[in-house]
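Given next are the chains, with one letter for each unit.
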Amino acid sequence: MRPRILRSPRVWWSHRAPLTASLVFAVAFVALRLAYRVVFGGLPSGFDEWVATCGAVLRASAAFVAVIVFFGALNTVIDVRGALSRGLHRGPIRRLRTALVVSLAAFPAVLDSAREVRWARRMRGDRSLRSLVAPVLERSLERGVAAGASLEQRGFGITRDVVHGMCDAPVVARDVSLGFGAGWSLTVGDLRVAHGSCVLVTGDTGTGKTALLRSLTGRLQISAGGWQQGVLEVGGIDRRSAPPSETASFVSLVEQNVRDAFVASVVFDEIAFTLRMMGESENQLAGAVSSIAQRVGITHLLAREIHTLSAGEATLVALAAALVVRPSLLLLDEPLADLDEVNTQRVVEVLTAVRRETGVTMLIAEHRWDAVAELADLHVHLGSSETAAAVASKTDVSARASITPLVAPNGAGKTTWMRGFATANPTHVRLVPESPELLFSCASVTAECTHNDRLTGSPVGTTLGLAQTLMPDVPVDAHPRDLSTGQRVALACALQAAALPDLLLLDEPTRGLDSMARHRLDLMLRQLSARGTAIIFATHDAEFASAFGYSPSPEVTA
Amino acid sequence: MTRGWQITVLALVSVSALGAFAWPLVADVESAQALAPVTAMTMLPVLLLVAALALDRSIANGTTVALLGVLAAVATVLRALGTGFGGFELVFTVVILSASVLGARFGFLLGLMTMVVSSLLWGGIGPWTAFQAFALAWVGAGAGLVGRWSNTMAPLTRRRWIRLAVLATYGVLSSFAFGALMNLWFWPIAVGSGTDISYVAGDPIAENLRRFVGYSLVTSTLTWDTVRAATTVVGIALAGDVVLRALTRAVTPRSTLPRGDGTQTRRSTVLDEVAVPPIARRPRVRA
């Protein structure tokens, strides 16, 4: 299962690309040299002189051609990428080697996002260079920051071993407050989580679920620029005294966007990453990885490239990567956000089984708390925001054009259909993609709306007016990527609806929204339809869809 | 290794590497036939390794590692997507803009990393990789210095467009310098002997230099390099502002919360609770 550095001859043929490329390169090199010789050294006259010239050029360039082909063959026979992911925890230039591994893993994702952005630009008829470079870069930087946090959380840069002390109470908080600057804080107070228990953390977006989990890994206080007051102990260790890497052997975190936190190219390397950072031998970790893969039921995925995983598979791989160190504290940040019913059930089953077998202590932050409620011994609800409550006072809007929900499980082809439809009818149909950020290329909401007015040829202020109708409290000077998930969807809707399409398609607009934000989305869809735009939205959230006349058929729910 | 040491080592390595680039002008008659190019090609990877060893410790944390990784991936993707000539144009834009925000040493490493990553992905690792890596690393390091210089000249470069103009000027200069450097070491290998633009081992430097300028002008300066310089300027002018903001935003710690929500201080509703474990305690497996 473990990839070898020197590839076995059986797979040489399937890795022949470097050799092929080197042959092409070699031929081009000789041709160029001949061209120089002919153009700048005088045209040979007659057949014999041509043959002599060609022969001379071939002889003179033989050495370098040999070098080219030799290195092409070398690149075919040796798995450099596989070799790089070994021994990252020690030895010289380990930071740069880690950066190289991260880079190779990020490459397919960046390429995908570049393709997506190109597609989104075409759809909107936006030809500016900025609209290509800015979203790709912004997306990649977000990914970079997430991957950086993931590296540290998984033991990168560990300088000393932490002796894991008492663990009858993995989490003890005494009069703890957490916050960022002066603008935001969360009072946790006193909390004692006993060994082997499972705590469910709920609360609306922005109430601090993620901050609470990140404070337990040390990221919030130590590397992310937040602050902590009071005493917070994890596994008996004062959290402020130990950076995330030093507790990587017993605190594991499954991040909210699991794909952004992936740091390796292949599933095996991803799961083995923390163990390698801990300095385990390759033999030992191969055993640990295969046993955890079996436990989670992803043995068939071990050789797969990370970027080919579906949402459900990605979550299971992240879970395996978190469990492989046999943590005593497992933190899960909205593990079910991207999953349909089948995958949700699978993740909950794995968590239940792991807990029964290893007695791990778990903290789960989740909007869909009904799915994990059985698992939980303790339910911590973070208080809801007053501002959100004020906005939610429902205005009654009567829909004019139709709103049609499209409900199907992960991988049913909703996205493909929507894209094909929107691409084929660009003047009548507009699409808000699953990642609305694909459409953002400016540094503020106002600038984004003005840019959109130019694209659609509308009078200045049209888009901004629409955006303010859809979300009255939008901070117009904020960076579009600093908006909340719900606000981003609303801004993307405003951008696309300003082109006055007959039909607006929305791909998974409910993703990552809490109940309040869902409520606002409901209202917004009705407002858009009242303007005469028909809407089709794809979702796997049957509850949200039922508000628009969706009733699950028996076949689907069975 | 302290910052001072890192910079000293980097300077020494760069001077030696420049010597390797300029082997056609430095080598004597006999060694120019075979020994000099082989020496240059083996020396440069070693020098690259020394530079990497010296700078490895300048990487402070996981975020810097990851930023280096993803920015190199972005540059590689843009190199692959570059539909125009040469494919280098947007790479320069990304490397120059990133280095101007994140500093000279980061810029050096970004240039190096970009070349290594793209060679790895296209399977094109070979003696030429070290030359490409050094040349782009110098472009990055220079952009870092230019960025710092325009910070120190703050009253003069207060306005964003002035900073961008400075970077665009640097972009033009570095595009041509990059092209010339890459031509220099490969010139004798690419052209062979017996033409008007050939390298002649043992000729006076001035004569060889004259022919080199001729070779450079006809093969790249007026074509690839000019296109690269023009697109770098266009890239920095059109995307520079947004890119610089994005980079500054990425390296500033922020909460996950949207801005503008005001002060919100709340208490969690469950206090002083002790969760009860559902099963018996298990001895820890890993100490």
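Everything discussed here concerns the structure shown above.
Heads up: these notes are all about the structure in this document. Counting of residues starts from 1 at the beginning of each chain's written sequence and follows it residue by residue. Starting at A for chains and at 1 for ligands, labels are handed out in the order in which the entities are written. Only residues with pLDDT of 70 or above have their local features reported here, since the model is predicted, and side-chain atom pairs are shown and tallied only from 80 upward, although totals for entire chains, interfaces and linings are computed over all residues. Note: side-chain values were computed over all heavy atoms of the structure, leaving out hydrogens and water.

1. Section: helix 1 (residues 3–21) of chain B
Residue and element names in this part refer to chain B. Convention followed: Per the convention used, a helix needs a DSSP run of H or I reaching at least four residues, while a strand needs a run of E reaching at least two, with both numbered from the N terminus. An expected span of 1.5 Å times one less than the residue number is assigned to each helix. Burial status follows relative accessibility: with a 1.4 Å probe on protein chains alone, a residue under 20% of its type maximum counts as buried, one over 50% as exposed, and anything between as partly exposed. Picture the helix axis, draw a direction to every C-beta atom, and the arc is the one those directions span. Working rule for contacts: check all heavy atoms of both residues, and any pair within 4.5 Å makes them a contact.
Look at helix 1: 26 Å from first C-alpha to last across 19 residues, which is about the 27 Å you get at 1.5 Å a residue. Three or more residues of helix 1 are buried, namely Gln 6, Val 9, Leu 10, Val 13, Ser 14, Ala 17, Ala 20 and Phe 21. Viewed end-on, helix 1 has its buried residues packed into an arc of 140°, placing them on one side of the element. Those residues of helix 1 that are exposed and aimed more than 90 degrees away from the buried face are Trp 5, Leu 12 and Val 15. Of the surrounding secondary structure, the elements contacted by the buried residues of helix 1 are helix 2 (23–26), helix 4 (35–56), helix 7 (104–121), helix 8 (127–152) and helix 9 (160–191).

2. Some words on the sheet that holds strand 6 (residues 251–254) of chain A
Residues and elements named next belong to chain A. Spelled out, the test is: The pairing criterion is simple: DSSP has to find at least two bridges between the two strands. Here the axes come from fitting lines to C-alpha atoms, over the contacting stretch only for helices, and the angles between their N-to-C directions go from 0 to 180 degrees.
Overall, parallel pairing links the five strands, which are arranged 6-7-8-3-9 in an open sheet. Both edges of this open sheet fall to strand 6 and strand 9 (378–381), since each of them pairs with a single strand only. Between one strand and the next, the sheet's axes are offset by a mean angle of 15°, whatever the strand orientation. Direction of pairing for strand 7 (residues 329–333) relative to strand 8 (residues 361–365): parallel, over a ladder of five bridges. Bridge pairing links Leu 332 to Ile 364 in strand 8. Helix 6 (residues 209–217) rests against strand 3 (198–202), strand 6, strand 7 and strand 8 of the sheet, and its axis sits at about 150° to strand 7.

3. Observations concerning the sheet that holds strand 13 (residues 534–539) of chain A
All names here are of chain A. What the four strands build is an open sheet, ordered 10-13-12-11; its pairing is parallel. On the outer flanks of this sheet lie strand 10 (403–407) and strand 11 (429–432), each paired with one strand and no other. Adjacent strand axes in the sheet meet at a mean angle of 20°, parallel and antiparallel pairs treated alike. Pairing of strand 11 with strand 12 (residues 503–507) involves four bridges; the strand directions are parallel.

4. Some thoughts on empty space enclosed by the protein
Residue and element names in this part refer to chain A. Convention followed: Grid points spaced at 1 Å over the protein atoms alone were grouped into cavities, where a 1.4 Å probe fits but cannot get out, and pockets, open sets with protein on both sides within 12 Å along at least five of seven lines, with lining residues defined by an atom within 4 Å of a point. Grid points are joined across faces, edges and corners, and a volume is the space filled by probe spheres set on the points. Each residue is assigned to one class: nonpolar for Ala, Val, Leu, Ile, Met, Phe, Trp, Tyr, Cys and Pro, charged for Asp, Glu, Lys and Arg, and polar for all the others, Gly among them.
All told, the structure shown has six cavities of 30 Å³ or more when counted by the stated rule. In this structure, the largest cavity occupies an estimated 180 Å³ of space. Taken together, 17 residues line the largest cavity, and the ones lying closest to its centre are Ser 150, Arg 154, Leu 253, Val 254 and Ala 318. Where the lining of the largest cavity is concerned, the elements lending two or more residues are helix 5 (130–153), strand 6, helix 8 (267–277) and helix 10 (311–323). Grouping the constituent residues of the lining of the largest cavity by class yields ten nonpolar, four polar and three charged.

5. Quick look at the environment of Leu 167 of chain B
All names here are of chain B. Tracing the chain through its elements places Leu 167 in helix 9. In this structure the C-alpha to C-alpha distance between Leu 167 and Leu 67, which are 100 residues apart in sequence, comes to 21 Å. Not counting residues up to four positions away in its chain, the partners in contact with Leu 167 are Ile 96, Leu 97, Ser 100, Val 146 and Ile 236.

6. Concerning the side chain of Ser 119 of chain B
Residues and elements named next belong to chain B. Condition: Polar contacts here mean pairs of N or O atoms no more than 3.5 Å apart (in protein, one a potential hydrogen donor and the other a potential acceptor; neighbouring residues in sequence count only if both atoms are side-chain atoms).
Position of Ser 119 among the secondary structure elements: in helix 7. Of the polar contacts made by the side chain of Ser 119, one reaches the backbone oxygen of Met 115; its length is 2.7 Å. Discounting residues that sit within four places of it in the chain, Ser 119 has contacts with Gly 124, Ile 125, Thr 129 and Gln 132.

7. Focus: the pattern of salt bridges
Let me state the cut-off plainly: Only one rule defines a salt bridge in this text: a Lys or Arg side-chain nitrogen within 4 Å of an Asp or Glu carboxyl oxygen.
A complete count under the given rule lists 24 salt bridges over all chains for this structure. Residue Arg 95 of chain A is joined to Asp 56 of chain B by a salt bridge in which the shortest nitrogen-to-oxygen separation is 3.3 Å. Highlighted residues: Arg 95 of chain A in helix 4 (residues 94–124) and Asp 56 of chain B in helix 4, drawn from two different chains. The pair Arg 95 of chain A / Asp 56 of chain B is uniform in exposure class, with both members buried. Between Arg 481 of chain A and Glu 138 of chain A there is a salt bridge, with the nearest N and O atoms lying 3.9 Å from each other. Of this pair, Arg 481 of chain A sits in the loop between helix 16 (462–470) and helix 17 (485–497) while Glu 138 of chain A sits in helix 5, placing them 343 residues apart in sequence. Across the pair, Glu 138 of chain A and Arg 481 of chain A agree in class, each one buried.

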